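Report on the structure
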Amino acid sequence: MQVDLGVLLDLQEKDNAVKAAKDQLEALRPRIEKLDETLAQAEGALDAARKNAEEADGRRGELEGRIESYRLMQERRRQRLEWVRGAKEASAIMAELDLARSVLAKEEAEWIRSADQVQEAEKLVAEAEGVVAQLKEDQAAERAEIAAKTDQIEKEIGEATGIRDEAASGVKPRMLELYRRILQGRAPQALYPLRSGACGHCYTAVPLHRRQQIENGQAVEACEACGVLVYKEAE
Ligand SMILES: [Zn+2]
């Protein structure tokens, strides 16, 4: 097919410039992901430490409630003891008091352990908070650098896209549609030069009669194998 090869190659060059800028942006992504991942790990550890501290605090609260109710029950037994008349009943209450006292002692020992656990858990939370804060500080410079680069590249993409759109406006609509369709395929470019009688993209030989059309310099032929447009490179 006859085409204005110069206009088409110009569009391709401008498209490649847009693509190159987008690739630069894409290249920054792994660095951002690595920073995010490291931070997410530290924040995950902090969340776990906070949850652990909350649970320890809950256990301590539960024990406190239980100890309080035991104390109240003991108090009632002592009051009953003051009013009771029979010796048999009195000794029964005394036995109850003794038993409850040993239970209470066990619960109190448990409370001390649990208070220690709360303290330990809170220490771990503070440590994890420190790690997160330090990490954010350590990452700040790199994140700022990446953000500045991203801004710069996005500006470049905007400019390159404007230039590209201007180049596209010089291409006939039907040709532009074909060009766009080829780019939706696997080939990274729509146009490839003829290389030793073959398609410059997939290296499938171009039939002789088609090659002659290309050789005159202002015609392109679609590669039968990969679909890109093959043209003759200027000498
Ligand atoms: Zn091909």
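Residues numbered from 1 in each chain as written. Predicted model: local features only at pLDDT ≥ 70, side-chain atom pairs only at ≥ 80, totals over all residues. Heavy atoms only, no water.

**Things to note about the nonpolar core**
Under the convention used in this document: Take the buried Ala, Val, Leu, Ile, Met, Phe, Trp, Tyr and Cys residues and link them wherever side-chain atoms come within 4.5 Å; each set so joined is a nonpolar core. Buried means the residue's accessible area, taken with a 1.4 Å probe over protein chains only, is under 20% of the maximum for its type, while exposed means over 50%, and partly exposed covers the values in between. Helix and strand assignments come from DSSP, with helices taken as H or I runs of at least 4 residues and strands as E runs of at least 2, each series counted from the N terminus. Residues are treated as being in contact if the distance between any of their heavy atoms lies within 4.5 Å.
With 24 residues, the main nonpolar core has Leu-8, Met-175, Leu-191, Val-220, Val-228 and Val-230 as its most contacted residues. Elements with a minimum of two residues in this core: helix 1 (5-83), helix 2 (87-169), helix 3 (173-183), strand 1 (191-195) and strand 4 (229-231). Apart from residues no more than four positions distant in its own chain, Val-228 is found in contact with Ile-182, Ala-187, Gln-189, Ala-190, Tyr-192, Cys-199, His-201, Glu-221, Ala-222 and Cys-223.

**Remarks on the pattern of salt bridges**
If charged atoms from side chains of opposite charge come close, those side chains can pair. This is how the line gets drawn: Just to be clear on terms, a salt bridge is a Lys or Arg side-chain nitrogen sitting within 4 Å of an Asp or Glu carboxyl oxygen.
In total, this model carries 24 salt bridges according to the counting rule given. With its nearest N and O atoms 2.7 Å apart, the salt bridge here joins Asp-98 to Arg-101. Linking Asp-98 with Arg-101, this pair stays in helix 2, spanning three residues, or about one helical turn. Residue classification places Arg-101 among the partly exposed residues on the basis of a relative accessible area of 44%. One network of salt bridges, with partners in common, ties together Arg-31, Glu-142, Glu-145 and Lys-149.

**Things to note about the coordination of the zinc ion**
Under the convention used in this document: The donor set comprises N, O and S atoms within 2.8 Å of the metal, extended to 3.2 Å for Na, K and Ca; water molecules are omitted, so apparent gaps in a site may simply reflect that omission. In this scheme the shape depends on donor count and angles: four donors with every angle between 85 and 135 degrees give tetrahedral, four or six donors with opposite pairs above 155 degrees and others between 65 and 115 give square planar or octahedral in turn, and any other case is irregular.
Note on the zinc ion: its protein donors are Cys-199 (SG), Cys-202 (SG), Cys-223 (SG) and Cys-226 (SG). The metal-donor distances range over 2.2 to 2.4 Å. Viewed at the metal, the four donor atoms of the zinc ion are separated by angles of 104 to 113°, and the geometry they form is tetrahedral. Taken in chain order, the donor set of the zinc ion reads C-x2-C-x20-C-x2-C. One end of the pair, Cys-199, is in strand 2 (residues 198-199); the other, Cys-223, is in the loop between strand 3 (221-222) and strand 4, and 24 residues separate them in sequence. Across the pair, exposure class does not vary: Cys-199 and Cys-223 are buried alike.

**Points about the domain arrangement of the protein**
To be explicit about the condition: Domain borders in the structure are assigned automatically or taken from a domain database. Buried area counts how much accessible surface, traced with a 1.4 Å probe, disappears from two parts once they are put together, with both parts' losses summed. Under the rule applied, a polar contact is a pair of N or O atoms within 3.5 Å (in protein, one hydrogen donor and one hydrogen acceptor; residues adjacent in sequence only if both atoms are side-chain atoms). Each residue is assigned to one of three groups, with Ala, Val, Leu, Ile, Met, Phe, Trp, Tyr, Cys and Pro labelled nonpolar, Asp, Glu, Lys and Arg labelled charged, and all others, Gly among them, labelled polar.
Segmenting the protein into domains produces domain 1 (15-168) and domain 2 (177-231). Listed per partner, the contact involves four residues of domain 1 and four residues of domain 2. Carbon and sulfur atoms make up 24% of the surface buried where domain 1 meets domain 2, a total of about 240 Å² over both sides. Inspection of the region where domain 1 meets domain 2 yields zero salt bridges. At the boundary of domain 1 and domain 2, one finds three residue pairs in polar contact (both at pLDDT 80 or more). Considering every element that reaches the side of domain 1 that touches domain 2, the biggest residue donor is helix 1, with three residues. Counted by class, the side of domain 1 that touches domain 2 contains no nonpolar, one polar and three charged residues.

**Here we look at the sheet that holds strand 3**
Hydrogen bonds between backbone groups are what pair the strands of a sheet, and the pairing can be parallel or antiparallel. For the record, the criterion: By definition, two strands form a pair when at least two bridges between them are found by DSSP. To define axes, lines are fitted to C-alpha atoms, for helices over the stretch in contact only, and angles between the resulting N-to-C directions are given on a 0 to 180 degree scale.
Overall, mixed pairing links the four strands, which are arranged 2-1-4-3 in an open sheet. With partners counted over all chains shown, the strands left at the sheet margins are strand 2 and strand 3, one partner each. Here helix 1 sits on the sheet in contact with strand 1 and strand 4, set at roughly 115° to strand 1.

**A short note on the environment of Ser-91**
Counting through the fold element by element, Ser-91 comes out in helix 2. According to the relative accessible area criterion, Ser-91 is partly exposed, its value standing at 43%. Along the backbone, Ser-91 and Leu-81 are 10 residues apart, and their C-alpha atoms lie at a distance of 9.0 Å.

**Remarks on the packing of helix 1 against helix 2**
Just so we agree on the cut-off: Here the word oblique covers every angle except those under 35 degrees (roughly parallel), over 145 (roughly antiparallel) and from 65 to 115 (roughly perpendicular). Handedness of each helix crossing follows the sense of rotation of the near helix against the far helix: counterclockwise by less than a right angle gives left-handed, clockwise gives right-handed.
The N-to-C vectors of helix 1 and helix 2 enclose an angle of 165°; their axes lie 5 Å apart at closest approach. By the angle class used here, helix 1 and helix 2 are roughly antiparallel. Crossing handedness for the pair helix 1 and helix 2: left-handed. Among the residues forming the contact of helix 1 with helix 2, the class breakdown is 42 nonpolar, nine polar and 31 charged.

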